Amino acid sequence: MPLARRLLLLFCCLLSAAWSATPPWPQGDSDLAPDPALRAGVLPNGLRYVVRPNAEPRGRTVLRLVVLAGSLHEEDNERGLAHFVEHMAFNGTRLFPKDSIVGVLRRHGLAFGADVSAFTHPTHTIYGLDVPSHDAARLEEGFAVLREFADGLTFEPAEVEAERGVIHSERRARDNWQARAGDAMTRFLHPLALLARRNPIGLEDVINRATPDDLRAFYRKWYRADNLLLIVAGDAPPERLEELVQAQFGTLATPTVPLPTPPDPGWMGNPTEFDAALHSTPETGAVTFFLTSVTPGHAGFETAARRTAGLERELVIDVMAERFSQLRRERAQEFGEAGAFIQVVGTGCTQTTLSLTTSTINWRNAALTLANEWQRATRQGFTDAEIAEAIERVRRRYEYAVAAAPTNPSDAIAERIAAALVHRQVPGSWEQFAAAAEPVLARFTVARAAEVWRDLWQPGAPRLFALGNLTLDDPVTDFTNAWNNGLNRPLPPPPKPVITRLDYPPAKKPGAIRKRSHIADLDIHVVEFANGIRLNLKATPFSKNLVWLRARVGYGLVSLSPKFAGLNLIANPYVTEAGVGRHFGDDIRRYLAQRNLTFGFGVSEDAFTFTGGSDTRGLPDLFILLQAHLEDLAWREGAFQTARMRTLLHYTEADREVGAALNAMSARVMSKDNPLFSLPAPERTSARTFLELMRWLEVALKSGPVEIGLVGDFDVEAAITAAARTLGAMPKRDVRKAPKKDFNRVAFHGTPGRWQVDVSSGIPRAAVRVQWLVQGCSDVHTLRRLETLAEVLEHRVHQEIREGLGATYDPSGGVWSGETLRDDGYLMIYLTAPPADALKLAKRITVLAEELATKGITDEDLEAVRQPILAGNDRRLRDNNYWLHYVLQGLQEQPARLEWPRSRERDYREMTVAELNALAAKYLPRKAAQTFVAVPKNVETAKAPEGP
């Protein structure tokens, strides 16, 4: 996701003014009808519920309990209590003392993150469980657990004290330059709004002094039947689901007093005059400008008129996004990312933003350009062609959404319903949305677009916010001068239209098929064309109207000489920027956006990869795009200069962010400074030339072996025919063989020791990774056992270091073996921590691993990991991503992949404690550990700002 988009997601928390005493259904006071598939009701105690029958994933029911209270409901002395209460839900209830609820969920095969979750937002708190539909006991217990969250939390003093440390560690884990920039922008855009002072993580001193009674008081104030929503979606019988709602939640106490009045949300809008601000952050090498308008929202429920207005705004911003994309391509050596966004912040306001990213030395030109583009849209409006293109893009999105709706997963449906109700919107179906959109699209004109654009920027004046590695004595004056100068520049000409077709017509004669077979038990079709190109297909019903493609070409990184290290970093942005011979990269991107397609390029360890997705009718375009990139990669030196410049900007992060610095250091150690595997020195990357890149890429893409995986909702015979007329009709290639002996495969090294890097960052957060070299990763049965062992170790770390000590929030474990099937790899544990504790925690991880190596794991350890995997196995085998990345890609080169889905469930059921103990004894002795620590310098003066 582009930086500007990621930051806007951080900046813009949803804000709702839906604070009535007794929240009614939105459709009760609206002219919009809800999704007819919904079964909605209100219990006598005031709790509202929605049951939505849904078929996917098979055998699962999703439960979401929404509490209409979040950080915006806190008083000044309660900042952080909403989030603290959410944490305590898993630390003791009436039926599940202490943390026994965690054990119960694990025994039922529910994994945190995948099946169990909880989040605190500014406007609400949401708890989620995904449970088996047809296991009556587990389904009933799922409802019982949510009921415990509603009124059964106990807030035992010891548990509160333990969780206090976990919350502080979560604060550290979230404390990065992006989050700080997001907070700064929120304060700048909303100086008088409560939103700027109500980050859900809260204030450190409030968390420090919070008592069980404080938490209990907040809980009792807001966790009450008339302030709860229960959303249920899945394939269990809806009548049974409604019975469980009534049985479990009908006995909640009926409130006897009105809901409290939340704090005043404050004013949100534009200033009367242009305003500007700079947030200096050395952790990024670029500077990003955001030009934003904040227009007040509307009280009350969603209506047809408001939904129409939202669609019109979407159309206008779609046009501006296309303009900025074209601007970025035409001036690629000046600007990195460019975009236009609109976000409806609940009923509080609407934020419209234009953004440009550039280098530090070019900041003034970026500010001028933003002003110039804003002025062009305001004075000139838009062209008929731009509006027609935007209408077609939006119409196709709705068409896709309607076609895909039958296989939408239940969790996405439940969360969409919850979000609508929280923000006073009517939860509709995609068919309803599309039907209502069509007359709006049919009558939308350039004149109406100009009106909508002007309305988005008034009343008042916009604000300009910049963040990056930039320091100015008087940024407000400098930015204001640049803005005024940009307004007075001559306006640029109208933008060019989107290309309407790819100028690579399919061959009239399809390529011949050399071999073809069908693997019946897995329903996989395997094709090899006479030209040597291989195609593996699996048509699935899992996601209606969606297809995915992934191609492995040539030999990737191992085919690059170490003396040309850095080309691999430049290659990815170059291919995206340059496009193909007959189309510039941005022309292709705009074509993809017009048709809801995605297509990307990457360099992996042993292959170049092309990955694409589309709705079903876009599949022929994916084949054409792949063929064009293989046969006609563009030679554009300007695109190379741009790609190299962008690559070098990322080096700043490796110097100033602890996670990136740790990865760079460990890569050097693991590969013994192999520059193909580790980050080469910036001077080596800057020395790379256009001719070097093209000699490497073009030969590999034009003549290298090709194997393609294709999965999704398509007709097999039609797909093979389309592939035969494109890829199958290309000149002959060799089929894939083992890499040549002179190829530069990276050897991993397991020399034990400890390495530390000091990072030039003022953020008080350290990164720790402990790892052990393992063998056997190329054998899936061994790999699964190693991965299970890693999860057991992660579980021990989670219990002791997170829950016991409260010293970290984000421990994670796994096995990593690069991007290809290779035998060697690493079993890893990663976490963030207070800098002063980093080495101590790293040592403790090695001690926990040593205990596994010497004392072994228990049956309980294994079951805690195994049961969630077994419970999720059906979902895994009904996941297109699994089939594409783990089975289909490289299948003909590595037929053993066929055994992966066949053996998956059996492997986990037959896995034994003795097998895992043997692996632990072999690989996890303390003396075999590699420890990596990245710590910031001078952190004692760098406490995270807590806001006004």
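Refer to the structure printed above.
Residues numbered from 1 in each chain as written. Predicted model: local features only at pLDDT ≥ 70, side-chain atom pairs only at ≥ 80, totals over all residues. Heavy atoms only, no water.

A. Inspection of the sheet that holds strand 16 (residues 598–603) at higher detail. Taken in spatial order, the 7 strands make up an open sheet running 12-13-14-18-15-17-16, and their pairing is mixed. Looking at the sheet topology across the chains shown, the edges are occupied by strand 12 (513–519) and strand 16. Mean inter-strand twist for the sheet, computed between neighbouring axes without regard to direction, equals 15°. Across 6 bridges, the pairing between strand 16 and strand 17 (residues 608–614) is antiparallel. Looking at the pairing, Gly600 lines up with Thr611 of strand 17. Strands in contact with helix 30 (residues 880–888) are strand 13 (524–529), strand 14 (534–539), strand 15 (547–553) and strand 18 (706–712); relative to strand 18, the strand with the most contacts, it is inclined by about 160°. (Pairing = 2+ DSSP bridges. Helix = DSSP H or I, 4+ residues; strand = E, 2+ residues; numbered from the N terminus. Axes fitted to C-alpha atoms, helices over the stretch in contact; angles between N-to-C directions. Contact = heavy atoms within 4.5 Å.)

B. Representation of empty space enclosed by the protein in the model. On inspection of all chains with the given rule, the structure shows 5 cavities of 30 Å³ or more. Roughly 60 Å³ of internal volume is contained in the second largest cavity. Lining the second largest cavity we find Asn176, Trp177, Glu283, Arg656, Glu657, Val658, Ser761, Ile763 and Arg765. Within the lining of the second largest cavity, the residues separate by chemical class into 3 nonpolar, 2 polar and 4 charged. (1 Å grid on protein atoms, 1.4 Å probe; cavity = no way out; pocket = protein on both sides within 12 Å on 5 of 7 lines; lining within 4 Å. Points joined across faces, edges and corners; volume = space filled by probe spheres on them. Nonpolar A, V, L, I, M, F, W, Y, C, P; charged D, E, K, R; others polar.)

C. Quick peek at helix 9 (residues 238–249). Its 12 residues place the ends of helix 9 16 Å apart at the C-alpha level, agreeing with the 16 Å of an ideal helix rising 1.5 Å per residue. When we look at burial in helix 9, the residues that qualify are Pro238, Leu241, Glu242, Leu244, Val245, Gln248 and Phe249. End-on view of helix 9: buried residues confined to an arc of 160°, all on one side of the axis. On its buried face, helix 9 is in contact with strand 1 (39–42), strand 2 (48–53), strand 3 (60–67), helix 4 (136–151) and strand 6 (228–234). (Expected span 1.5 Å × (residues − 1). Buried < 20%, exposed > 50% of the residue type's maximum accessible area, 1.4 Å probe, protein only. Arc of directions from axis to C-beta.)

D. Quick peek at the nonpolar core. If you look at the biggest cluster of nonpolar residues, it comprises 63 residues, and the most contacted ones within it are Tyr574 and Leu697. With near-sequence residues (within four places) excluded, Leu697 lies in contact with Ala571, Tyr574, Val575, Phe601, Phe608 and Leu633. (Core = buried A, V, L, I, M, F, W, Y, C linked by side-chain atoms within 4.5 Å.)

E. Molecular detail of the pairing of strand 4 (residues 116–120). Burial analysis of strand 4 places 4 of its 5 residues in the buried class, the great majority of the element. Note: strand 4 against strand 5 (residues 125–132), 5 bridges, orientation antiparallel. Paired with Ser117 across the two strands is Gly128, which belongs to strand 5. Hairpin connection, strand 4 to strand 5: the antiparallel pair is bridged by 4 residues.

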